[in-house]
Amino acid sequence: MSLLFAVDLLGVFCFALSGALLASSKRFDILGSLLLGGLAGLGGGITRDLLIDIGVPVAFDNPAYFVAPLLAAVVVKVGLLGPGRLRRTLLLFDAGGLALFCVSGTLIALGAGLNPIGAALMGVTTACGGGLLRDVVANEVPQIIRRDGGLYAVPAAVGAGLVALSWQLGHNPDVRVGPAEIIVIVLVFTFRGLALRQGWRLPPAGPVPPRSGEVR
Amino acid sequence: MSLLFAVDLLGVFCFALSGALLASSKRFDILGSLLLGGLAGLGGGITRDLLIDIGVPVAFDNPAYFVAPLLAAVVVKVGLLGPGRLRRTLLLFDAGGLALFCVSGTLIALGAGLNPIGAALMGVTTACGGGLLRDVVANEVPQIIRRDGGLYAVPAAVGAGLVALSWQLGHNPDVRVGPAEIIVIVLVFTFRGLALRQGWRLPPAGPVPPRSGEVR
Amino acid sequence: MSLLFAVDLLGVFCFALSGALLASSKRFDILGSLLLGGLAGLGGGITRDLLIDIGVPVAFDNPAYFVAPLLAAVVVKVGLLGPGRLRRTLLLFDAGGLALFCVSGTLIALGAGLNPIGAALMGVTTACGGGLLRDVVANEVPQIIRRDGGLYAVPAAVGAGLVALSWQLGHNPDVRVGPAEIIVIVLVFTFRGLALRQGWRLPPAGPVPPRSGEVR
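These numbers come from a predicted model, not from an experiment.

### Some thoughts on the overall build of chain A
From N to C terminus, chain A includes eight helices and zero strands. Starting at the N terminus and walking to the C terminus, you meet the elements of chain A as α-α-α-α-α-α-α-α. For 216 residues, the compact-globule formula gives about 17 Å, and the C-alpha radius of gyration of chain A, at 17 Å, lands near that figure. With the C-alpha coordinates aligned to their principal axes, the bounding extent of chain A is approximately 55 × 45 × 30 Å. Counting across all 216 residues of chain A, residues that qualify as buried make up 56%. Of all intrachain contacts in chain A linking residues separated by at least 6 positions in sequence, the fraction that spans at least 24 positions is 77%. Total accessible area on chain A stands at roughly 9,000 Å², and carbon and sulfur atoms take up 67% of it.

As structure tokens, then:
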């Protein structure tokens, strides 16, 4: 369970950085940095813990979870992450959090007794919920549904599905982070990175795809 | 309990269509369609289940609830609902979900042991919560509080109140969907439809009503 | 416990007024007034109750909690609070709710068995959560992270910390509102008021502070 904890904590830190960088780019103050970082880092996991009904969310029991957003706010404040690379860096850490959380979230839900489909949904919720809360509170259209956001939830769904499938097939009875899970994390991160770099897009919600170009 | 399940599922589908149509009109991608459809269709019920503390929300136990947003996204994607009638159609399905959910939500809360007033509030939460989440995530001023939105929560409150009253008077000890509940569904739908067509409005929040016309 | 209840209820009323006044200034209807008032007044406490997992949130058990938003909507509707002083009045009541809730929220969480750090976080959540929900639903950048919002969460954190510290030191074993807690309420209110009047600001999230003046 120790590696799962480390993976979860690293995910919190990655997402918290994305929140702190967003706060910086929107010129909010350090409290906004802490809030957006905390929401991005802890919001997905807290939502998962509320939904799987395991009592007080883990984040409130273990202060280590709150150190991560604090550290992220400091990193952004002292300028360790240069403002010129803000957008690219934000997307990178966002991808890291996505990869780590879809795996840890699915494992935690399986450990709480959910069926594989429900557990995979919880993995996606853990991975995408924090970023959604971050963007909603910052009064932005969430990255997850922006047409220019690249594929976001799809890698998370693939990763969560693989973790749940592996458990279902009996390869991970102890619900741990093993070599297979680390491969999934790398896979999701690579998938997300490729989607961003290549500009992959999902088809539009409606029947007619929007025209490219400036007209209309 | 079977008819209650069917009514609940139909409500999910109606609201999910409203979410998918909103995603289409805002030119989000199919993931946005699934997300807004899922939030609109399942958000109210999940919020209710969290509040009445019945463990893992029903939606995560029964995959049928997730088929509805999927189906709604497909219906919108293949163009079964024409884009010319988007706004009107969206409002129609929204009204259907409203009518179905204020009844099913109240009944589910009564079944969980809430008092009639709390149960009626849960019915309104179920009916209005999903649309609120849909609009908040889409970064819109929620339909429920827009001045031009017509009466929205009032029909839901009337319907939820009637269902709770009927239970209180001993007419529905088994907390089922019977003829009286179906009449309430039709009533709420008609009330909401009339409010839209006639442009009924609630008085403004402040003391001075806003002037009509273009000045200021 | 009776004084705690009174303090909590007064906090609900103060925050509900802030919501109703916001609805009035944005020209929403009376339903928007009730909704924003209810969210502002009850959203923080309901979020706390969900997180500390104490079953159905207190607000749904005791109808008195819903009378407060109703009363607030009426006070704003009949014009008891003049529109000319809207913004200042809103901030005043917001400060009152902040002071009352950071104390009552921390005490309720301590009473539910949380450790002092977790309880103080719940105090801040109670104090800031309702206003956050109010602003998010009204489609505004939340006051808590706006650069011109003055210090908001800092007084709440100080108040919640003092209450938790007093309990930790054994001064408040029965988790009640005593003279010390009333002093904390006054202190938080004064701190917040001074921050507003003096225009105190937190440093920005990023390394370079934004320039003052109109340029850029």
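From this point, things continue past the structure.
### Considering helix 7 (residues 153-168) of chain A
For an α-helix, 3.6 residues make a turn, and residues three or four places apart therefore share a direction. All names here are of chain A. In this model helix 7 runs 22 Å from its N-terminal to its C-terminal C-alpha over 16 residues, within 8% of the 22 Å that 1.5 Å per residue would give. Residues A153, P155, A156, G159, A160, V163, A164 and S166 constitute the buried set of helix 7. Looking down the long axis of helix 7, one finds its buried residues gathered within 165 degrees of arc, a one-sided arrangement. Within two residues after helix 7, G170 carries a phi angle of roughly 85 degrees, on the positive side.

### Here we look at the pattern of salt bridges
A complete count under the given rule lists 18 salt bridges over all chains for this structure. A salt bridge links R146 of chain A to E140 of chain A; the nearest nitrogen and oxygen atoms lie 4.0 Å apart. With relative accessibility at 24%, the residue E140 of chain A sits in the partly exposed group. Here D49 of chain B and R48 of chain B are joined by a salt bridge, their closest N and O atoms 3.0 Å apart. Judged on exposure class, the residue D49 of chain B and its partner R48 of chain B are both buried. A cluster of three or more residues bridged by salt bridges with shared partners is formed by K26, E140 and R146 of chain A.

### As for the confidence of the model for chain A
Residue and element names in this part refer to chain A. On average, chain A scores 86 in pLDDT, and the residues at 70 or more come to 91%. Looking over chain A, one finds the lowest element-wise mean pLDDT in helix 3 (residues 58-61), namely 79, and the highest in helix 7, namely 95. Considering only residues more than four positions removed or in separate chains, one finds that residues 210-216, a stretch of pLDDT under 50, has four contacts.

### Brief notes about the relation of the copies chain B and chain A
By a simple turn and slide, chain B fits onto chain A: the slide is 0.0 Å along the axis, the RMSD is 0.0 Å, and the turn is 120 degrees. Each copy turns onto its partner about a three-fold axis. Taken together, the interface assignments show that only 14% of the residues at the interface of chain B recur at the interface of chain A, consistent with different surfaces on the two copies.

### As for the packing of aromatic side chains
All names here are of chain B. Evaluation of the coordinates by the stated rule reveals 12 aromatic pairs over all chains. Judged by centre distance (5.7 Å) and plane angle (85 degrees), the rings of F5 and Y65 are edge-to-face. Pair noted here: F5 is in helix 1 (residues 2-25) and Y65 is in helix 4 (residues 64-77), with a separation of 60 residues, a long-range link.

### Some details on the UniProt feature "transmembrane region" (unreviewed entry) in chain A
Residues and elements named next belong to chain A. Those residues carrying the UniProt feature "transmembrane region" (unreviewed entry) are residues 64-83, 90-111, 117-137, 149-169 and 175-195 in this numbering. End C-alpha atoms of residues 90-111 are separated by 31 Å, and the span's content is 100% helix alongside 0% strand. A distance of 29 Å separates the end C-alpha atoms of residues 117-137, which is 100% helix and 0% strand.

### Things to note about the interface of chain A and chain C
When the parts of a complex come together, some accessible area is lost, and that lost area is often taken as the interface size. Listed as interface residues are 29 residues of chain A and, on the opposing side, 28 residues of chain C. Interface area, chain A with chain C, both sides summed: about 2,500 Å², of which 67% is carbon and sulfur. For the pair chain A and chain C, the interface holds zero salt bridges. In this structure, the connection of chain A to chain C is made through five residue pairs in polar contact (both at pLDDT 80 or more).

### So, the relation of the copies chain A and chain C
Rotating chain A by 120 degrees and translating it 0.0 Å along the rotation axis places it on chain C, where the RMSD comes to 0.0 Å. When the interface residues of chain A are mapped onto chain C, a mere 14% of them are again interface residues, pointing to distinct binding faces.

### Quick notes on the interface of chain B and chain A
Counting from both sides, the interface comprises 29 residues of chain B and, opposite them, 28 residues of chain A. Between chain B and chain A the total buried area reaches about 2,500 Å² when both faces are included, carbon and sulfur atoms providing 67% of it. In terms of surface lost to chain A, no three residues of chain B exceed R27, D29 and F60 of chain B, which account for 25% of the buried area on that side. Here chain B is connected to chain A by zero salt bridges. Breaking the side of chain B that touches chain A down by element, the ones donating at least two residues are helix 1, helix 2 (30-51), helix 3 (58-61), helix 4 and helix 6 (116-137) of chain B. In terms of residues, the side of chain B that touches chain A owes the most to one element, helix 2 of chain B, which gives eight residues.

### Points about helix 2 (residues 30-51) of chain A
Residues and elements named next belong to chain A. The end-to-end C-alpha separation of helix 2 is 30 Å, in line with the 32 Å expected for 22 residues at 1.5 Å each. Roughly 50 degrees is the biggest bend found in helix 2, and it falls at L42. Burial of helix 2 is extensive: 18 of the 22 residues sit out of reach of the surface. Capping the start of helix 2 is the job of one residue whose side-chain oxygen sits 3.1 Å from the backbone nitrogen of L31: D29.

### Observations concerning the packing of helix 6 (residues 116-137) of chain C against helix 7 (residues 153-168) of chain C
Residues and elements named next belong to chain C. Where helix 6 contacts helix 7, the two axes come as close as 8 Å, and the packing angle between them is 145 degrees. The element helix 6 and its partner helix 7 pack so that their crossing is right-handed. Contact residues: helix 6 offers P116, A120, G123, V124, A127 and C128, while helix 7 offers A153, A156, A157, A160, G161, A164, W167 and Q168. Per-class residue counts for the contact of helix 6 with helix 7 are 11 nonpolar, three polar and no charged.

Rules used in this analysis
Numbers given to residues run from 1 along each chain, matching the order in which its sequence is written. The naming scheme follows written order: chains are lettered A onward, ligands numbered 1 onward. Side-chain atom pairs in this predicted model are given and counted only at pLDDT of 80 or more, local residue features only at pLDDT of at least 70, and totals for whole chains, interfaces and linings cover all residues. Each side-chain value is worked out from all heavy atoms of the structure, with water and hydrogens disregarded. Strands here mean DSSP runs of E at least two residues long; helices mean DSSP runs of H or I at least four residues long; both are numbered from the N terminus. Computation of the radius of gyration draws on C-alpha atoms, with the globule rule given as 2.2 Å multiplied by the number of residues to the power 0.38. Buried residues are those whose accessible area, probed at 1.4 Å on protein chains only, stays under 20% of the maximum for their type, while exposed residues exceed 50% and partly exposed ones sit between those limits. Throughout, a contact is declared for two residues whenever any of their heavy atoms are within 4.5 Å. All accessibility values rest on the Shrake-Rupley procedure with a 1.4 Å probe; residue burial counts only the protein chains present in the view. A helix is expected to span 1.5 Å for every residue after the first. Arc definition: directions from the helix axis to the C-beta atoms. The rule for a salt bridge is simple: a side-chain nitrogen of Lys or Arg has to be within 4 Å of a carboxyl oxygen of Asp or Glu. By definition, pLDDT measures how confident the predictor is in each residue, and it falls between 0 and 100. Least squares is the method for superposing the copies, and the C-alpha atoms it fits come from residues with pLDDT of at least 70 in both. When two rings of Phe, Tyr or Trp (its six-membered ring) have centres within 6.5 Å they constitute a pair, described as stacked for plane angles under 30 degrees, edge-to-face for angles over 60, and tilted for the intermediate range. UniProt positions are given in the numbering used here, feature names are shortened, and annotations may be inferred rather than shown by experiment. For any pair of parts, buried area is found by adding up, for both, the accessible area (1.4 Å probe) each one loses once the two are put together. A 3.5 Å cut-off defines polar contacts: any pair of N or O atoms within that distance qualifies, except that in protein one atom must be a possible hydrogen donor and the other a possible acceptor, and neighbouring residues in sequence count only when both atoms are side-chain atoms. Two axes enter the definition of the bend at a residue: one is fitted to the seven residues ending there, the other to the seven starting there, and the bend is the angle between them. Throughout, an axis means a line fitted to C-alpha atoms (over the contacting stretch in the case of helices), and angles, computed between N-to-C directions, take values from 0 to 180 degrees. What makes a crossing left-handed is the near helix being turned counterclockwise from the far one by less than a right angle; a clockwise turn instead makes it right-handed. Gly is placed with the polar residues, together with every amino acid not listed as nonpolar (Ala, Val, Leu, Ile, Met, Phe, Trp, Tyr, Cys and Pro) or charged (Asp, Glu, Lys and Arg).

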